[in-house]
Amino acid sequence: RGLPAGAKAVAQVVAAGAAYYFGAHVGHIALGYGEGVSLGLFELPLTLLWIVGVTNAFNFIDGLNGLAGGVAVVACIAIFVAGFILGNYVVLLPAVILTGCLLAFLHFNFPDARIFLGDSGSMSAGFLLAVLSLQASVNKSGAVLVILPLLAVFVPLMDGALAIIRRWLRHVPLSGADARHIHHRLLALGISPNRTAIVLWALAAGMAGFGLLMAPTAPFVATSIAIFGLVGVALLLIYGTNLLSNHELIV
């Protein structure tokens, strides 16, 4: 049965609150080893924003056969590697199980779709990945290496953020649907649906790998790499919004 956007949002916040209550915290953030910066009063709202945001980001990007599932598999692998490197072994088994579920799903969803994630599937995957990415990215000092979860789910986060900005600029409901997501624009360039999914899988893998390379470095090294990375992402967005004809963002 369908649900209005408001009801979904309330349920997502409640679910995120439960995850927070049982230990999915972002009390401190860091770019390398060390205690990093305390979030203080922002801990709860930022944790809820992260979980709800990633949950919806995977729902937004689920518009092409195999796309959301493949990107989620990439995120699972990144979570497994990060958890192993940082000694957060509690996430390893859930990450492997979720990977297995997603690969089994992809067998029936890509390249030809006989089954679909739907809202329930995409939001469930997004919710689990949001929580597991936080747990996997905690360093020995108890701080979340913020670059790891951000880059593990970079593609859906970027697409979701651009969709919200685009809809806000057009003065349309933020929860509404449109055909101007990244995969839609790649299709409009003449790229086939299967190749579009593979291109975005590759982008997701590249960004996740970049995050994993930064994780074990010293804070000043990670900061330097992050600065160059931010410049690169900014240039990518500027070039991409022109290439993909996102006219609202060009303005």
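How each quantity is defined
Residues numbered from 1 in each chain as written. Predicted model: local features only at pLDDT ≥ 70, side-chain atom pairs only at ≥ 80, totals over all residues. Heavy atoms only, no water. Pairing = 2+ DSSP bridges. Helix = DSSP H or I, 4+ residues; strand = E, 2+ residues; numbered from the N terminus. 1 Å grid on protein atoms, 1.4 Å probe; cavity = no way out; pocket = protein on both sides within 12 Å on 5 of 7 lines; lining within 4 Å. Points joined across faces, edges and corners; volume = space filled by probe spheres on them. Nonpolar A, V, L, I, M, F, W, Y, C, P; charged D, E, K, R; others polar. Patch = residues over 30% accessible without salt bridge, like charges linked within 9 Å, V, L, I, M, F, W, Y side chains within 5 Å. Areas by Shrake-Rupley, 256 points an atom, 1.4 Å probe, with all protein chains shown as cover. Salt bridge = Lys/Arg side-chain N within 4 Å of Asp/Glu carboxyl O. Buried < 20%, exposed > 50% of the residue type's maximum accessible area, 1.4 Å probe, protein only. pLDDT = per-residue confidence, 0-100. Core = buried A, V, L, I, M, F, W, Y, C linked by side-chain atoms within 4.5 Å. Contact = heavy atoms within 4.5 Å. Expected span 1.5 Å × (residues − 1).

A. Looking closely at the sheet that holds strand β3 (residues 144-145). An order of β2-β1-β3 is seen for the 3 strands of this open sheet, with the pairing classed as mixed. The sheet terminates laterally at β2 (37-38) and β3, the two strands that pair on one side only. Taken together, the 2 bridges between strand β1 (residues 28-30) and β2 define a ladder with antiparallel strand orientation. Across the sheet, I29 pairs through a bridge with V37, a residue of β2.

B. How the structure looks around the layout of surface pockets. Volume-wise, the second largest pocket comes out at about 320 Å³. Forming the boundary of the second largest pocket are 17 residues, of which I147, L151, F154, L230 and V233 lie nearest the centre. Classifying every residue of the lining of the second largest pocket gives 16 nonpolar, 1 polar and no charged.

C. Representation of a nonpolar patch on the surface within the structure. On the surface, F80, F84, I85, Y89 and V96 cluster together into a nonpolar patch covering about 500 Å² of accessible area. Counting residues per element, the nonpolar patch draws most heavily on helix α3 (residues 67-86), which supplies 3 residues. In this fold, I85 is placed in helix α3. A relative accessible area of 44% means that I85 is categorised as partly exposed.

D. Fine view of the confidence of the model for the protein chain. Taken over all residues, the pLDDT of the protein chain has a mean of 84, while the share at 70 or more is 87%. At the low end of the mean pLDDT range in the protein chain sits helix α11 (residues 247-250), at 60; at the high end sits helix α4 (residues 92-107), at 95.

E. Local environment of the nonpolar core. Among the nonpolar cores identified, the biggest contains 62 residues, and W50, I51, F58, I79 and L129 are the most heavily contacted of them. The leading source of residues in this core is α3, at 12 residues. Setting aside residues no more than four positions away along its own chain, I51 makes contact with A16, A19, F127, A130 and V131.

F. Spotlight on helix α7 (residues 154-169). Between its terminal C-alpha atoms α7 stretches 22 Å, which fits the 22 Å expected from 16 residues at 1.5 Å a residue. Within α7, the full set of buried residues consists of F154, V155, P156, M158, D159, G160, L162, A163, R166 and R167. Count one or two residues on from α7 and you reach H171, which has phi positive near 60 degrees.

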